[in-house]
Amino acid sequence: MGFRVSRSVTVRGWGKYLIMHKNRHVATIREDGSCTVYFPSFLPYSLYLECADDLDTRLNNLNNFYYWCASRVLTLDRKYAKEILNSIGATQSATDRERAEIALSYHCLCLTDVYWVRSAREKLRFEDVSLYRNSLSGAFVDVSLKGRSLTVENSELLTEAEVAGDAATPGAAPKAWVKRNGTFYLLKDGDLRDVKAELLASKIMDCFRVEHVEYIEDHFDEQTVSRSELITGEDVGIVSMEFVEIYCMNHDLDKDAFVKKKDAYSYYMMNVIDYLVGNTDRHWGNWGFLVDHATNRLIRLHPLMDFNKAFQAYDHLDGAQCQTVPGAMSQKTAALDAVRHIGLNRIAEVKREWFEDEAVWNMFRERLMVLSN
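Criteria and thresholds
- Residues numbered from 1 in each chain as written.
- Predicted model: local features only at pLDDT ≥ 70, side-chain atom pairs only at ≥ 80, totals over all residues.
- Heavy atoms only, no water.
- Buried < 20%, exposed > 50% of the residue type's maximum accessible area, 1.4 Å probe, protein only.
- Helix = DSSP H or I, 4+ residues; strand = E, 2+ residues; numbered from the N terminus.
- Contact = heavy atoms within 4.5 Å.
- pLDDT = per-residue confidence, 0-100.
- 1 Å grid on protein atoms, 1.4 Å probe; cavity = no way out; pocket = protein on both sides within 12 Å on 5 of 7 lines; lining within 4 Å.
- Points joined across faces, edges and corners; volume = space filled by probe spheres on them.
- Nonpolar A, V, L, I, M, F, W, Y, C, P; charged D, E, K, R; others polar.
- Pairing = 2+ DSSP bridges.
- Axes fitted to C-alpha atoms, helices over the stretch in contact; angles between N-to-C directions.
- Salt bridge = Lys/Arg side-chain N within 4 Å of Asp/Glu carboxyl O.
- Phe/Tyr/Trp six-rings, centres within 6.5 Å; stacked < 30°, edge-to-face > 60°.
- Lys NZ or Arg CZ within 6 Å of the ring centre and 35° of its normal.

**Some details on helix H9 (residues 241–250)**
For H9, the full list of buried residues reads Met241, Phe243, Val244, Ile246 and Cys248. In this fold, the buried residues of H9 make contact with helix H1 (55–70), strand E9 (236–240), helix H10 (255–277), strand E10 (288–292) and strand E11 (297–301).

Shown next as structure tokens:
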């Protein structure tokens, strides 16, 4: 049965929505913006709701709800985003409310956590909709990785779970989720330079005491892609740093102090690795925390991921501006500060034969020497 986006989600008459964490009914939000929060500690970290009846509060609740829903849809700067949205019959929406409409049409499902939304009229349980329990048909991979239009035959195979899995995956590079022997893998395309950069960065990280996503060479449609295993599931999820900042702002917490208190070692090692491999894409959507679904508490920073933009700004020792520290600071300065706090933590030798480019090898060695002295 083909996937269709409901066009009645955010118009008058939607009544109320139940915000769910697995089968826990966390909160209810109504069409007029009034809400009831049953489990405050289980609200999403980026969703702030107040149970007050004045107009401003209710409008803020609606705006916050739409923003949270919209965050569970891919951004239009992702390659092939337009093709993906076209393939599910959705508009290339720009506003939070329009994007919320898309997310709500597939219950705001996402492969980063176990939150979902249902209307008060629906009799669904988490087991009925969980992305982790649904098989992806593979029909959507051509669209996500190559921008190809779905055939009539393939569009009939497209499931709600498959749309949610790919449409709600952030980032700019072409990517798609596949399920092999019960395990989810992310395939990432882009140009060959980006794929090779991610594969090389993964090998380098193996030589340091740092938790990271392993990227392995794979192939799709006779083209080289990187493959990585899904790190979330029904027991543990991830909360991006963008959402952690929202949480800290809403609870009067200093974000930088909060991060270091929770997991200083991983934070400093991230700055070390990003400098060594010249990663210029450490935006707040690709680092953050693991969260325990049993308690909804943050555990530690999640494994380092997303290195397709490694070895850029790689023609001088300073590197790019560090994106994980407050204020202006070079990656070199941030990495040196990290080494002063926790050391370099190298556990194996980086091998010359891994590098195809002599200049890249030489710059890596120079940066390593800077941190080793």
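Past the structure itself, the notes keep going.
**Structural notes on the confidence of the model for the protein**
Confidence in the prediction for the protein averages 83 pLDDT; 79% of positions are at 70 or higher. Taken as a whole, residues 1–12 scores under 50 in pLDDT and shows 34 contacts with residues more than four places along the chain or in a different chain. Confidence drops under pLDDT 50 across residues 74–81; counting only partners more than four residues distant or on other chains, this segment forms 30 contacts.

**Some points on the layout of surface pockets**
Of the pockets and cavities examined, the second largest pocket occupies roughly 460 Å³. Lining the second largest pocket are 19 residues, and of these Lys196, Ala197, Leu200, Trp354 and Glu356 lie nearest its centre. No other element matches helix H8 (residues 192–205), which puts eight residues into the lining of the second largest pocket. The class makeup of the residues in the lining of the second largest pocket is nine nonpolar, two polar and eight charged.

**Concerning the sheet that holds strand E4 (residues 115–119)**
With antiparallel pairing, four strands are arranged side by side in an open sheet as E3-E2-E1-E4. Whereas interior strands pair on both sides, the edge strands pair on one side only; in this sheet they are strand E3 (35–37) and E4. Strand-to-strand twist of the sheet, defined as the mean angle between neighbouring strand axes without regard to direction, takes the value 25°. The sheet contact formed by strand E2 (residues 24–30) and E3 spans three bridges and is antiparallel.

**Concerning the pattern of salt bridges**
Applying the stated rule across the entire model yields 15 salt bridges. Ionic pairing is found between glutamate 127 and arginine 125, a salt bridge with its closest N-O pair at 3.5 Å. Lysine 188 serves as the salt-bridge partner of aspartate 306, at 2.9 Å between the closest nitrogen and oxygen. Of this pair, aspartate 306 sits in the loop between E11 and helix H11 (331–342) while lysine 188 sits in strand E6 (residues 183–188), and the two are 118 residues apart along the sequence. One connected set of salt bridges, linked through shared partners, spans Lys188, Glu198 and Asp306.

**Looking at the side chain of serine 119**
Inspection of the secondary structure assignment puts serine 119 in strand E4. Beyond its immediate sequence surroundings of up to four residues, serine 119 is in contact with Lys16, Tyr17 and Leu18.

**Some remarks on unusual backbone geometry**
Leaving glycine aside, a negative phi is the common case for residues, and trans is the common case for peptide bonds. Backbone geometry at asparagine 296 places phi at a positive 60°, although glycine is not the residue there. Mapped onto the fold, asparagine 296 is located in the loop between E10 and E11. Asparagine 296 sits in the buried class, given a relative accessible area of 3%. Even without being glycine, alanine 313 reaches a positive phi, approximately 50°. One can find alanine 313 in the loop between E11 and H11.

**Re the packing of aromatic side chains**
For the structure shown, the criterion picks out twelve aromatic pairs. Ring geometry for phenylalanine 311 versus tyrosine 314: centroids 5.3 Å apart, planes at 90°, classification edge-to-face. Judged by relative accessible area, which is 11%, phenylalanine 311 ranks as buried. A relative accessible area of 9% means that tyrosine 314 is categorised as buried. Linked through ring pairs, Tyr45, Tyr247, Phe258 and Phe289 together constitute an aromatic cluster. Sitting over the face of the ring of tyrosine 185, arginine 227 holds its NZ or CZ atom 5.2 Å from the ring centroid. Directly above the ring of phenylalanine 307 sits arginine 282, whose terminal nitrogen or CZ lies 5.0 Å from the centroid.

**Digging into the sheet that holds E11**
Sheet architecture is open: three strands sit in the order E9-E10-E11, paired in antiparallel fashion. Two strands lie at the open edges of the sheet, namely E9 and E11, each paired on one side alone. With direction set aside, neighbouring strand axes in the sheet form an average angle of 40°. Looking at chain direction, E10 and E11 are connected through three bridges and run antiparallel. Considered in E11, the bridge of phenylalanine 289 is made with leucine 301. Packed on one face of the sheet, H9 meets E9, E10 and E11 and runs near 75° to E9. Lying on the sheet, H10 is in contact with E10 and E11; it crosses E11 at an angle near 35°.

**Brief notes about the environment of methionine 205**
By the element assignment, methionine 205 lies in helix H8. Taking the C-alpha atoms as reference, methionine 205 lies 9.1 Å from valine 350; in sequence the two are 145 residues apart. Apart from the residues lying within four places of it in its own chain, the contact partners of methionine 205 are Val210, His212, Ile273, Leu304 and Phe307.

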